[in-house]
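# A structural walkthrough
So the chains spell out like this:
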Amino acid sequence: MTSKYQLPSLFQRLSSQHNQKVKHLIALREKKQYRLDHGNVIIQGYKTVQEVRDQGIKFKSMIVTAKKDLNTETDIQSPSLQVIKQPEQFPAQQYYVTDINLARRILGTASKPGCHDIFAEAVIPHYDHDDAQIFNNDRILVIDKISDPGNLGTLVRTAKALGWQSGLITHNSCDLYNDKCIRASRGLSLSWPHTTVNSNKLLDQLKKNGFTPIVADMLPRESQNVEIWSPENYSNAIPGTGVWFWNKPKSCPINKMALILSSEHHGVDDAFSNELRVSLPMNSSVESLNVANAGSIIMSDLNRFYNTCLYQRST
């Protein structure tokens, strides 16, 4: 009789949702305060785990998914098998294995884990008291009252890709460690330096650190008779002409940029009423863009504007 396959002793089998470790992992996904109290968060998927590991994030636990009854090693496929065979490539304090049903309970059905998936308990870095990582940059993204975790995760991933090196999150915005935000950002919300701020102190903090607040908003209607201007010197605000500024004169100095993105539903906070505005001209048949789409385009266009300004100063 062929003996059943035995997992390496390094891997402890989790088989019940009543297990204390399983309860802990579920609570990390479901409860914001529990995540913050323990300083850990769940991330899922081989590429995400790799990306987070390569960003220098530490892992408390590494979990692989495999069926309960294993006859031979061939019953396990990658990436689970890769972690089992080479755990040193995925350094963690503890290693576990669970079946697909318990993985769904831990991760939530929306995560759609695979039968040979991997997930990890990652340690949340602390940026709250490190102003150098937050403010020693020339571009910073400010998230205000954005409650959709998918939008927030997309913005974080785009910001990191486009060189917006850090962020400020107002206290009434979504949690960056929400499981949906983690998935949308592919884990990058862990390694993107950010801190939470009270919205009524936001402008003071930005200006104290030399940033010009730039508030994303809809273009004013013609009847408002507001002067709008293009950093690329276009004469008409039509789709395809990049970003347009208003609410301050063209001579407004911009050295370090802080782009403030607010919820489509709630709109721009009254506290920002006197700040420089930036808008995207759109076709009249489109009322507005999703904040993640609009924010991504604006970040890219502001990069071009900022680099042009740097070139002009150096010549």
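Just so you know, these numbers come straight off a predicted model, no measurement behind them.

Check the secondary structure of the protein chain and you find 11 helices and 13 strands. A principal-axis box enclosing the C-alpha atoms of the protein chain has dimensions of 85 × 40 × 40 Å. Residue burial in the protein chain is summarised as follows: out of 315 residues, 50% are buried. Counting every atom, the protein chain has about 15700 Å² of accessible surface; 46% of that belongs to carbon and sulfur.

This paragraph deals with the UniProt feature "domain: MRM3-like substrate binding" (unreviewed entry) in the protein chain. The sites that UniProt annotates as "domain: MRM3-like substrate binding" (unreviewed entry) are residues 19-83. Regarding residues 19-83, the helix share stands at 48% and the strand share at 18%, and the terminal C-alpha atoms are separated by 23 Å.

The tally for this structure, following the rule as stated, stands at 5 aromatic pairs. With centroids separated by 6.0 Å and ring planes inclined at 50 degrees, the aromatic side chains of Tyr 46 and Phe 90 adopt a geometry described as tilted. Of the two residues, Tyr 46 sits in helix 3 (residues 46-54) while Phe 90 sits in the loop between helix 4 (80-85) and strand 4 (94-98), which places them 44 residues apart along the sequence. When its relative accessible area of 22% is taken as the criterion, Tyr 46 is described as partly exposed.

In this chain, Ser 78 is followed by Pro 79 through a cis amide linkage whose omega measures 10 degrees. Looking at the element boundaries, Pro 79 is found in the loop between strand 3 (59-65) and helix 4. The phi dihedral of Arg 186 falls on the positive side, at around 55 degrees, and the residue is not glycine. Structurally, Arg 186 can be placed in the loop between helix 8 (179-184) and helix 9 (188-191). You can call Arg 186 partly exposed: its relative accessible area is 30%.

In regular strands, side chains alternate between the two faces of the sheet. Alternating residues of strand 13 (residues 276-279) divide into Leu 276 and Val 278 and Arg 277 and Ser 279, and every residue in both groups is buried. In this structure, strand 9 (residues 211-216) lies alongside strand 13, joined through 3 bridges in parallel fashion. The residue bridging Ala 216 from the neighbouring strand is Val 278, located in strand 13. Pairing between strand 11 (residues 244-246) and strand 13: 3 bridges, direction antiparallel. Residue pairing in the sheet places Trp 246 in a bridge with Arg 277 of strand 13.

Take the sheet that holds strand 13 next. Reading across from one edge, 8-7-6-12-9-13-11-10 is the order of the 8 strands in this open sheet, with mixed pairing throughout. Lying at the two open borders of the sheet, with one neighbouring strand each, are strand 8 (194-197) and strand 10 (228-229). Sheet topology places strand 10 next to strand 11; 2 bridges connect them, and they run antiparallel. In the sheet register, Trp 229 faces strand 11, and the bridge partner there is Phe 245.

All right, on to the nonpolar core then. Nonpolar side chains tend toward joint burial in soluble globular proteins. In this structure, Phe 245, Leu 259, Val 278 and Leu 302 are the most contacted members of the largest nonpolar core, which totals 33 residues. Of all the secondary-structure elements, those providing two or more residues to this core are strand 6 (139-144), helix 7 (149-162), strand 9, strand 12 (256-262), strand 13 and helix 11 (291-314). Not counting residues within four places of it along the chain, the set of residues in contact with Phe 245 comprises Ile 214, Glu 227, Ile 228, Trp 229, Pro 231, Ile 254, Leu 276, Arg 277, Val 278, Leu 302 and Phe 305. Grouped together as the second largest cluster of nonpolar side chains are 27 residues, Leu 7, Val 52, Ile 57 and Ala 120 included.

Cut-off values and rules
- Residues numbered from 1 in each chain as written.
- Predicted model: local features only at pLDDT ≥ 70, side-chain atom pairs only at ≥ 80, totals over all residues.
- Heavy atoms only, no water.
- Helix = DSSP H or I, 4+ residues; strand = E, 2+ residues; numbered from the N terminus.
- Buried < 20%, exposed > 50% of the residue type's maximum accessible area, 1.4 Å probe, protein only.
- Areas by Shrake-Rupley, 256 points an atom, 1.4 Å probe, with all protein chains shown as cover.
- UniProt positions renumbered as here; feature names shortened; annotations may be inferred.
- Phe/Tyr/Trp six-rings, centres within 6.5 Å; stacked < 30°, edge-to-face > 60°.
- Pairing = 2+ DSSP bridges.
- Core = buried A, V, L, I, M, F, W, Y, C linked by side-chain atoms within 4.5 Å.
- Contact = heavy atoms within 4.5 Å.

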